[in-house]
Amino acid sequence: SFQRECYSVDVKKSPTTTKSKFQLDDVIEAQQFERDTLNDIFKVAREMESIEKNSSCSKILDGFLMATLFYEPSTRTRLSFESAMKRLGGEVLTTENAREFSSAAKGETLEDTIRTVESYSDIIVLRHFESGAARRTATTANIPVINAGDGPGQHPTQALLDVYTIRREIGSLDGLKLALVGDLANGRTVRSLAYLIAKYRDIKIYFVSPDVVKMKDDIKNYLTSMGVQWEESTNLLEAASNCDVIYQTRIQRERFGERIDLYEAARGKYIVDKNVLNVMPKHAVVMHPLPRLDEITLDVDSDPRAAYFRQAKNGLYIRMALLKLLLLGW
Amino acid sequence: SFQRECYSVDVKKSPTTTKSKFQLDDVIEAQQFERDTLNDIFKVAREMESIEKNSSCSKILDGFLMATLFYEPSTRTRLSFESAMKRLGGEVLTTENAREFSSAAKGETLEDTIRTVESYSDIIVLRHFESGAARRTATTANIPVINAGDGPGQHPTQALLDVYTIRREIGSLDGLKLALVGDLANGRTVRSLAYLIAKYRDIKIYFVSPDVVKMKDDIKNYLTSMGVQWEESTNLLEAASNCDVIYQTRIQRERFGERIDLYEAARGKYIVDKNVLNVMPKHAVVMHPLPRLDEITLDVDSDPRAAYFRQAKNGLYIRMALLKLLLLGW
Amino acid sequence: SFQRECYSVDVKKSPTTTKSKFQLDDVIEAQQFERDTLNDIFKVAREMESIEKNSSCSKILDGFLMATLFYEPSTRTRLSFESAMKRLGGEVLTTENAREFSSAAKGETLEDTIRTVESYSDIIVLRHFESGAARRTATTANIPVINAGDGPGQHPTQALLDVYTIRREIGSLDGLKLALVGDLANGRTVRSLAYLIAKYRDIKIYFVSPDVVKMKDDIKNYLTSMGVQWEESTNLLEAASNCDVIYQTRIQRERFGERIDLYEAARGKYIVDKNVLNVMPKHAVVMHPLPRLDEITLDVDSDPRAAYFRQAKNGLYIRMALLKLLLLGW
């Protein structure tokens, strides 16, 4: 027969009894998740790994319609959400370039657009160029909203998949030592990760970045207030030899405007290459939110500690878990 | 279980026996629909409201493929059609920017494009920048075609949803008093609505618009020939106090070209606000084809007579009904 | 009932027993297919004609996800692949303008993009502006890859559908006489067709083209080495009176750059019109890869020998067959 075989997929309805009253209405910012909630989401994400392999047999979101409303293009994030929805049997309405194409160009408010889109769909995944747009959307809509990045603000599903990846790769989140490397001033990713990881015990963070893109004081003060140890370092090799996780990021040229000279100086200062692998502990991993340019050399890819493509795949499981939780509950 | 419950959806096959021989081949212009046909379509649209809530159980268009061939972007209209198709279990092929991307750029005729697209799909929804394009498409294609707006010409599904909304909100279409407000010269919507509403009895229409965008003579002459009473008014409050329906429209800046001064003068002349609500009858409604700028103030939204978001939702039901009728018949 | 009736679709699992060990991993270039493999693919394509008419009943790719990763837009090719996938019950992730939108704009390598996309999907259909991109993709990806055109390089599914069309229209491929007309220098299509048709016996090819866009020596030498007879001709009528297949192509203006004068001279030199039809044998056919400008006049369309729209439809069946073979095997 042409049909793939169906394995019975046993997705438990309530991963915990204590959390049975927990209600997940929207996913707006990384800070909204407490440690226990994160653990529960991660359990569902883990279950999703088996569902994905048997998607024709486990259409738990059959009949649900997700609107991916992207005011700025992000092919990677969009495809990840759409794959997650379709792997669960759901359907998708797509608009990749809402800013240019939609009635936004004629001056319609975001709130009016949302009121229309919510009448066509069951859940909205929003990508927007303005900080705070996701919260405004969630306030307006009577259906669940997931923030897929709003300007320099939040990108909470990226933060969740980062923490989930650390948990899957290292096995634990308490007692962790991380090096955050690269563009720490503009990198939404590393800022959100710092926020989330601070909820765990005995964390030590090394900030390794060129001077022009150093981590900002708000995060440093927050970490200090949460009892997280941190220090700035200019020595990537030393940090790498001490850490469980090297989280490398791209220096974002688009943030430097005309100052190409500053960009060129910053880029290439801290590269993860074979030399870094050589000093890293055996159990440690290299992570990267992607896209990667040359801040991780290609010869690193074949090392088992290169976790960045597994990290991308984990994004699928986290998004499947969130779609399931928002549309069906625990 | 994660499955949503299935309610049995009882969609009657033939809403009327008298109309059983009626054949709906294409949807090209508002004028093609007679009063009886409209009533029958509205009955099917009403049934669609219950289907939509149980879409996983009522995939009456399962296996059908709709091509949304948009030569100019219209995210709102496209998503409405695609939602309608997917709510009925059908599938969609999308092209949002056919003008720029497709072989049209290489000089292919619309007719050749249609001959190819019809071999990939079961129904074509066309949006085009040229008046008459929908009719040419229907002439070429051997599968049903729905006009989703062709240039300054027709946008018949908008006209149908407008009349359906009046019927749903007011309960009757005969004996109706409407105020058409705003850009009556360029507004495709109000022109089509005037055409359709003229098929009902004892209609009175007030045209309330700035001088530069007054209703054109062709519509006025048509209404007179159909026995519809109409008058031009410069007093929105007076019209509002007399009417069952205030149909507000946006002054379309894109029609004024360089004459920003004329646009600014026209815009803001007739605003639906709390003052208008105060004189409107209790049973009356405010409608708007959306997008809305500031021609309806935000504080109107919470009034139960603000029908414009319900109107958008009705567009979904009308399109579901048309897709069902064109692909499966009555 | 609203359900369309289900006819039992009997798709044989193994069209040939001798080929049961044949493995189709990727579709990268026309040359990869031997005569026997072509025959087997054509048998599956033929079966697909009956499946397409009953698609709600024959979802053999239910649960599979295809990513259409298009680095340059080609609406026609994209819709053909997406229709093929959906007709078989599969689902699609679409990106129509990957070059501009994706992280490629930020400098990500194709290989990195592929590693991410393969984690979201089960098969990749790639359109790219660079020759060789499809092979690089297949080397990187652990899932099947289909080349939907890579720059001036290959467009193997077009070549397959061309040969399939000749087989369907003429009944045989051996002993064939073809005239390849128009832009033979830049036309990827005619080059691939020449490669594939050389695998059959007693082939004679006439090259009919303006001087500036003559067939290049590599193909001529290849044909000679394969024992294929060919000659250049400046007389379309004479060639047409001798041939089973007139394969007309568009002179591609975009290849002439500033030399509009050369383009104008080349275009219009060899037109397939009523005069050509008059000398063509009764059993012969006119083919064209589309889009067509004025190199075939509109009055040819109604002649039964005009096969170009049937040819486009055959593209659907060939792509259905390839998707089935790559995802499910023989």
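Residues numbered from 1 in each chain as written. Chains lettered and ligands numbered in written order. Predicted model: local features only at pLDDT ≥ 70, side-chain atom pairs only at ≥ 80, totals over all residues. Heavy atoms only, no water.

### Observations concerning the overall build of chain A
Scanning chain A for helices and strands turns up 12 helices and nine strands. In terms of overall dimensions, chain A is globule-like: its C-alpha atoms have a radius of gyration of 20 Å, near the 20 Å expected for 330 residues. By its C-alpha atoms, chain A is 55 × 50 × 45 Å across when sized along the principal axes. In chain A, which comprises 330 residues, the share counted as buried stands at 62%. The long-range fraction of contacts in chain A, counting pairs at least 24 apart against all pairs at least 6 apart in sequence, stands at 74%. With the model as given, the accessible surface of chain A reaches about 12400 Å², and the carbon-plus-sulfur share is 45%. On chain A, the mean spot of the 45 positive side-chain charges and the mean spot of the 46 negative ones are 3 Å from each other. (Helix = DSSP H or I, 4+ residues; strand = E, 2+ residues; numbered from the N terminus. Rg over C-alpha atoms; globule rule 2.2 N^0.38 Å. Buried < 20%, exposed > 50% of the residue type's maximum accessible area, 1.4 Å probe, protein only. Contact = heavy atoms within 4.5 Å. Areas by Shrake-Rupley, 256 points an atom, 1.4 Å probe, with all protein chains shown as cover. Lys, Arg positive; Asp, Glu negative; His and termini not counted. Charge placed at Lys NZ, Arg CZ, Asp CG, Glu CD.)

### Side note on the pairing of strand β8 (residues 245-248) of chain A
Residue and element names in this part refer to chain A. On β8, burial covers both faces: Val-245 and Tyr-247 on one face and Ile-246 and Gln-248 on the other are all buried. When strand β5 (residues 177-181) meets β8, the two strands line up parallel, connected through four bridges. Along β8, the bridge assignment pairs Ala-179 with Ile-246. As paired strands, β8 and strand β9 (residues 285-287) are joined by three bridges and run parallel to one another. Bridge assignment links Ile-246 to a residue of β9, and that residue is Val-286. (Pairing = 2+ DSSP bridges.)

### Considerations on the packing of helix α4 (residues 110-117) of chain A against helix α5 (residues 133-140) of chain A
All names here are of chain A. At their nearest, the axes of α4 and α5 sit 9 Å apart, and the two run at 50° to each other. Judged by the angle between their axes, α4 and α5 are oblique. The way α4 lies across α5 gives a crossing that is right-handed. Residues Leu-110, Glu-111, Ile-114 and Arg-115 of α4 lie in contact with α5, whose contacting residues are Ala-133, Arg-136, Thr-137 and Thr-140. For the contact of α4 with α5, the class distribution of residues is three nonpolar, two polar and three charged. (Axes fitted to C-alpha atoms, helices over the stretch in contact; angles between N-to-C directions. Parallel < 35°, antiparallel > 145°, perpendicular 65-115°, else oblique. Left-handed = near helix turned anticlockwise from the far one by under 90°. Nonpolar A, V, L, I, M, F, W, Y, C, P; charged D, E, K, R; others polar.)

### Digging into helix α8 (residues 217-225) of chain B
Residues and elements named next belong to chain B. Every buried residue belonging to α8 is among Ile-219, Lys-220, Tyr-222 and Leu-223, and all of these are buried. Looking straight down α8, one finds that the buried residues subtend no more than 165° of arc, so they occupy a single side. Counted as exposed and oriented over 90 degrees from the buried face of α8: Asp-217, Asn-221 and Ser-225. Looking at the buried positions of α8, the neighbouring elements they touch are α7 (188-197), β6 (204-208) and β7 (229-233). Of the residues flanking the end of α8, it is Gly-227, one or two places downstream, whose phi is positive at about 80°. (Arc of directions from axis to C-beta.)

### Section: the interface of chain C and chain A
With 29 residues of chain C in contact, the opposing surface of chain A contributes 30 residues. Summed over both sides, the interface of chain C with chain A buries roughly 2800 Å², with 55% coming from carbon and sulfur. Our count for the contact surface shared by chain C and chain A stands at six salt bridges. Seen at the junction of chain C and chain A, the total is 10 residue pairs in polar contact (both at pLDDT 80 or more). When the residues that make up the side of chain C that touches chain A are grouped by side-chain class, the tally is nine nonpolar, nine polar and 11 charged. (Buried area = accessible area lost by both parts, 1.4 Å probe. Salt bridge = Lys/Arg side-chain N within 4 Å of Asp/Glu carboxyl O. Polar contact = N/O pair within 3.5 Å; in protein donor to acceptor, adjacent residues only side chain to side chain.)

### Some words on the packing of aromatic side chains
Enumeration over the complete set of coordinates arrives at 18 aromatic pairs over all chains. Geometrically, the ring pair formed by B:Phe42 and B:Tyr164 is tilted, given 5.3 Å between the ring centres and 50° between the ring planes. Taken as a pair, B:Phe42 in helix α1 (residues 35-52) and B:Tyr164 in helix α6 (residues 156-170) lie far apart in primary sequence, 122 residues in all. When its relative accessible area of 2% is taken as the criterion, B:Tyr164 is described as buried. Where C:Tyr71 meets C:Phe129, the ring centres are 6.5 Å apart and the plane angle is 65°; that geometry is what we call edge-to-face. Taken together, the residues C:Tyr71 in the loop between β1 (65-70) and α2 (75-87) and C:Phe129 in the loop between β3 (123-128) and α5 (133-140) connect sequence positions 58 residues apart. Sitting over the face of the ring of B:Phe81, B:Arg319 holds its NZ or CZ atom 4.9 Å from the ring centroid. (Phe/Tyr/Trp six-rings, centres within 6.5 Å; stacked < 30°, edge-to-face > 60°. Lys NZ or Arg CZ within 6 Å of the ring centre and 35° of its normal.)

### Some details on the confidence of the model for chain A
Residue and element names in this part refer to chain A. Residues of chain A with pLDDT of at least 70 account for 90%, and the chain-wide mean is 89. Within the model, the stretch residues 1-21 combines pLDDT values under 50 with 40 contacts to residues more than four positions away or in other chains. Scoring the predicted complex yields pTM 0.92 and, for the interface, ipTM 0.92. (pLDDT = per-residue confidence, 0-100.)

### Regarding the sheet that holds β1(C)
Residue and element names in this part refer to chain C. The sheet built from four strands is open, its strands ordered β2-β1-β3-β4 with parallel pairing. Edge positions in the sheet fall to β2 (91-95) and β4 (145-150), since each has one partner strand and no second. Recorded for the sheet is a direction-independent mean angle of 15° between the axes of neighbouring strands.

### Focus: the interface of chain B and chain C
Tallying the contact residues gives 30 residues for chain B and 30 residues for chain C. Around 2800 Å² of area is buried between chain B and chain C when both sides are counted, 55% of it from carbon and sulfur atoms. Taken together, chain B and chain C are joined by six salt bridges. Notably, a salt bridge pairs B:Asp122 with C:Arg87, separated by 2.9 Å at the nearest N-O pair.

### A word on the relation of the copies chain C and chain A
Overlaying chain C with chain A gives an RMSD of 0.1 Å, the required rotation being 120° about an axis along which the chain moves by 0.1 Å. Taken together, the rotation and translation describe the operation of a three-fold axis. (Least-squares fit on C-alpha atoms with pLDDT ≥ 70 in both.)

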